[in-house]
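# Close look at the chain arrangement
The chain contents come next:
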Amino acid sequence: MATLLKTDGIRTEVEPKNGTDFQLEELQKFVGGYIEIIQLNDGRIMVVNEEGKLQSLEMNDEATEIATEHHALFDGDWICGDVLICNEREVQ
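Summary of the structure given here. (Residues numbered from 1 in each chain as written. Predicted model: local features only at pLDDT ≥ 70, side-chain atom pairs only at ≥ 80, totals over all residues. Heavy atoms only, no water.)

Across its full length, the chain holds 2 helices and 5 strands. Seen in sequence order, the chain has helices and strands lined up from the N terminus as β-β-α-β-β-α-β. The C-alpha radius of gyration computed for the chain amounts to 12 Å, which stays within 12% of the reference 12 Å derived for 92 residues, consistent with globular compactness. Overall size of the chain, expressed as C-alpha extent along the three principal axes, is 35 × 25 × 20 Å. Counting across all 92 residues of the chain, residues that qualify as buried make up 39%. When contacts within the chain are restricted to residue pairs at least 6 apart in sequence, long-range pairs at least 24 apart make up 53% of them. As displayed, the chain has an accessible area near 5,500 Å², and 49% of this comes from carbon and sulfur atoms. Charged side chains of the chain number 7 positive and 20 negative; the gap between the two group centres comes to 5 Å. (Helix = DSSP H or I, 4+ residues; strand = E, 2+ residues; numbered from the N terminus. Rg over C-alpha atoms; globule rule 2.2 N^0.38 Å. Buried < 20%, exposed > 50% of the residue type's maximum accessible area, 1.4 Å probe, protein only. Contact = heavy atoms within 4.5 Å. Areas by Shrake-Rupley, 256 points an atom, 1.4 Å probe, with all protein chains shown as cover. Lys, Arg positive; Asp, Glu negative; His and termini not counted. Charge placed at Lys NZ, Arg CZ, Asp CG, Glu CD.)

What follows is the structure in structure tokens.
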């Protein structure tokens, strides 16, 4: 089960349409554009909008905090837009 972290703080549990792994189109829909994968250090990944800052999307405080805790961001960096967190195996 994956979690969609919205910029407004709402968390939604989601599953791949095919029941096993998310397809590119699904991931792009969740984040609203091109995807970027951020590796967390516990077997999960964070799927973010690659152009979130360029598109002036709202900062995602919770996603930024999680990525910072996992040392997945440079100091002072942040994540914008909605984010999907899932296990690595759920993205092929």
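Quick look at the nonpolar core now. By size, the foremost hydrophobic cluster in this structure holds 12 residues: Leu 5, Ile 38, Leu 40, Met 46, Val 48, Ala 63, Ile 66, Ala 67, Leu 73, Ile 79, Val 83 and Ile 85. Those elements that provide at least two residues to this core are β4 (44–49), α2 (61–69) and β5 (83–87). At 3 residues, α2 tops the list of elements feeding residues into this core. When near neighbours in sequence (up to four residues on either side) are disregarded, Val 83 contacts Thr 3, Leu 4, Leu 5, Val 31, Met 46, Val 47, Val 48, Asn 60 and Ala 63. (Core = buried A, V, L, I, M, F, W, Y, C linked by side-chain atoms within 4.5 Å.)

This part covers the sheet that holds β4. Across the sheet, 5 strands lie side by side as β2-β1-β5-β4-β3; this open sheet has antiparallel pairing. On the outer flanks of this sheet lie β2 (11–14) and β3 (35–39), each paired with one strand and no other. Here the strands of the sheet are splayed against their neighbours by 25° on average, with no regard to which way each runs. As paired strands, β4 and β5 are joined by 4 bridges and run antiparallel to one another. (Pairing = 2+ DSSP bridges. Axes fitted to C-alpha atoms, helices over the stretch in contact; angles between N-to-C directions.)

Attention now goes to the layout of surface pockets. Roughly 230 Å³ of volume is contained in the largest pocket. Taken together, the elements giving at least two residues each to the lining of the largest pocket come down to β3 and β4. Classifying every residue of the lining of the largest pocket gives 9 nonpolar, 2 polar and 5 charged. (1 Å grid on protein atoms, 1.4 Å probe; cavity = no way out; pocket = protein on both sides within 12 Å on 5 of 7 lines; lining within 4 Å. Points joined across faces, edges and corners; volume = space filled by probe spheres on them. Nonpolar A, V, L, I, M, F, W, Y, C, P; charged D, E, K, R; others polar.)

Take α2 next. For α2, the full list of buried residues reads Ala 63, Thr 64, Ile 66 and Ala 67. For α2, the angular spread of the buried residues around the axis is 165°, confining them to a single face. α2 presents Asp 61 and Glu 69 as exposed residues on the side facing more than 90 degrees away from its buried surface. Those residues of α2 that are buried are in contact with β1 (2–5), β2, β4 and β5. One or two steps after α2, the chain reaches His 71, where phi turns positive at roughly 55°. (Arc of directions from axis to C-beta.)

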